[in-house]
Amino acid sequence: MDTRRDVTTRSAAERRRRQLLPVVVLGGGLALAGCSAGAPSTLDPAGSGAGRVANLWWLLFWISMAVFAEVMAVLAWALLVRRRRDVRVRHGQPLRFVTVAGAGIPLVILVTVYAVGLRDLAALGDDPGPRAPTIEVTGHKWWWEVRVQGVDGATANELHIPVGEKVRVRLRTADVLHSFWVPQLMPKTDLIAGEVRETWLHAERAGNYRAQCAEYCGTQHAHMAFRVVAEPRHDYDAWVARLAAPAPAPQTDAQRRGQEAFLQGSCAGCHAIRGTAANGRIGPDLSDVGSRWSIGAGAVPNDGGHLGGWIANSQTVKPGNYMPPQPVDASRLPDLIAYLQSLR
Ligand code: CUA
């Protein structure tokens, strides 16, 4: 009776295990696929800073694999060979084995990893030199203010660097802790209240690198993304020149009406547009808002529909952000959108 119940329970457990196997395999596969679905990875470095971190990671990975293989081999020997055959252990052999495998090898590994880690830490903390351009980044809840040292204008949530050159990034926070992290270019640097911290960026190939605040800083921490654009030197110089120049003047009637609405409404109290009377400093400078990759630091794509939604009530898009709903006349919204989109 008992035996039968045992058999029944065992076969039920076996069935459950069989049913679970595809779920585990599929789930694991999907989870791994999720890791590479467009998310920037430190293990896909595009510059010398992240390259060092990736190399260190792979060094640790292969050491771990070697240690794992060694332990498995010793275990297999103990279970399969030593148990079956009467292997005679010579006097002093166990002690020698413990000394080499338990102390000697770990010591070599730890000293090597420590030395490589110290070397990389020193290299990552190096100053990029007096000729390197300096970009000043200020973290705000929940967006990034970007300026180039010596240039008057500002932009937000996007910074440009010349390919192949080291660029110094000077970091401040306007409020709480944030962390500046460009996974494919450089490890994190925390922004600490009252302190000015520095890091550098270097990209070996041109491209757009997605980056993210990496320190929890409140409700919209997840929507505090930014983008690093690595481009040839002349494009970088053109970007700096655009930052210094006034925003483009409106060209069409709709854009002119939009500018009027912007300057007469409450927008100008918080936002600046270079070359106009708008010089608010609470929210992001909007002089090049039409060319930005997103609205709300990665919250939604930058297109007319989302821009209209953001202006009318950004609280529905990014709850908790500091821009209150705007009492904009619906008939003026298309003009406002037309004007802001022309700022590029
Ligand atoms: Cu800023 Cu998290």
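- Per an unreviewed UniProt entry, the recorded name for the protein is cytochrome-c oxidase, and the organism is Micromonospora fulviviridis.
- UniProt lists a comment for the protein under the heading Function (unreviewed entry), and it reads "Subunits I and II form the functional core of the enzyme complex. Electrons originating in cytochrome c are transferred via heme a and Cu(A) to the binuclear center formed by heme a3 and Cu(B)."
- Per UniProt, the comment on the protein under Subcellular location (unreviewed entry) is "Membrane".

**Some words on the pairing of strand E5 (residues 167–173)**
Working note: regular strand, side chains alternate between the two faces of the sheet.
(1) Moving on: Of all seven residues that make up E5, six are buried, and the element is covered over most of its length.
(2) Moving on: As defined by bridge partners, strand E1 (residues 134–140) adjoins E5 across six bridges and the pair is classed as parallel. The residue bridging Ile135 from the neighbouring strand is Val169, located in E5.
(3) Moving on: One ladder, built from five bridges, connects E5 with strand E8 (residues 197–201); its direction is antiparallel. By the bridge assignment, Val169 is partnered in E8 with Thr199.

**Here's the deal with the sheet that holds strand E3 (residues 154–156)**
(1) Moving on: Taking strand neighbours across the sheet as the criterion, the five strands line up as E3-E2-E1-E5-E8 in an open arrangement whose pairing is mixed. In the strand order of this sheet, the two ends are held by E3 and E8, each with one partner. Taken over all neighbouring pairs, the strand axes of this sheet differ in orientation by 30° on average, direction set aside.

**Comments concerning the UniProt feature "transmembrane region" (unreviewed entry) in the protein**
(1) Moving on: Look at the UniProt record and you will see "transmembrane region" (unreviewed entry) annotated at residues 20–39, 59–82 and 94–116.
(2) Moving on: Helix and strand shares over residues 59–82 are 100% and 0% respectively, and the end C-alpha atoms of the span are 33 Å apart.
(3) Moving on: With 100% helix and 0% strand, the stretch residues 94–116 has end C-alpha atoms that lie 32 Å from each other.

**As for the packing of aromatic side chains**
(1) Moving on: In total, this model carries 11 aromatic pairs according to the counting rule given.
(2) Moving on: Sitting over the ring of Trp181, Lys188 keeps its end group 4.7 Å from the ring centre.

**Things to note about the layout of surface pockets**
(1) Moving on: In this structure, the largest pocket occupies an estimated 680 Å³ of space.
(2) Moving on: For the largest pocket, the lining is made up of 33 residues, of which His271, Gly283, Pro284, Trp310 and Met323 are closest to its centre.
(3) Moving on: If you list the elements that add at least two residues to the lining of the largest pocket, you get helix H6 (267–270), strand E11 (294–295), helix H7 (304–313) and helix H8 (333–342).
(4) Moving on: With three residues, H7 is the largest single contributor of residues to the lining of the largest pocket.
(5) Moving on: Taken together, the residues of the lining of the largest pocket break down into 20 nonpolar, nine polar and four charged.
(6) Moving on: Among the domains, domain 2 (134–244) and domain 3 (253–341) are the pair contributing at least three residues each to the lining of the largest pocket.
(7) Moving on: One number sums up the size of the second largest pocket: a volume of about 290 Å³.
(8) Moving on: Residue lining of the second largest pocket: 20 residues in total, with Arg147, Asp152, Ala272, Arg281 and Asp285 positioned closest to the centre.
(9) Moving on: For the lining of the second largest pocket, the secondary-structure elements that each account for two or more residues are strand E2 (143–148) and E3.
(10) Moving on: Counting residues per element, the lining of the second largest pocket draws most heavily on E2, at three residues.
(11) Moving on: For the lining of the second largest pocket, the residue count by class is seven nonpolar, seven polar and six charged.
(12) Moving on: Taken domain by domain, the makeup of the lining of the second largest pocket includes at least three residues from each of domain 2 (134–244) and domain 3 (253–341).

Here is what the cut-offs are and how they apply
- Residues numbered from 1 in each chain as written.
- Predicted model: local features only at pLDDT ≥ 70, side-chain atom pairs only at ≥ 80, totals over all residues.
- Heavy atoms only, no water.
- UniProt positions renumbered as here; feature names shortened; annotations may be inferred.
- Buried < 20%, exposed > 50% of the residue type's maximum accessible area, 1.4 Å probe, protein only.
- Helix = DSSP H or I, 4+ residues; strand = E, 2+ residues; numbered from the N terminus.
- Pairing = 2+ DSSP bridges.
- Axes fitted to C-alpha atoms, helices over the stretch in contact; angles between N-to-C directions.
- Phe/Tyr/Trp six-rings, centres within 6.5 Å; stacked < 30°, edge-to-face > 60°.
- Lys NZ or Arg CZ within 6 Å of the ring centre and 35° of its normal.
- 1 Å grid on protein atoms, 1.4 Å probe; cavity = no way out; pocket = protein on both sides within 12 Å on 5 of 7 lines; lining within 4 Å.
- Points joined across faces, edges and corners; volume = space filled by probe spheres on them.
- Nonpolar A, V, L, I, M, F, W, Y, C, P; charged D, E, K, R; others polar.
- Domains from an automatic or database assignment.

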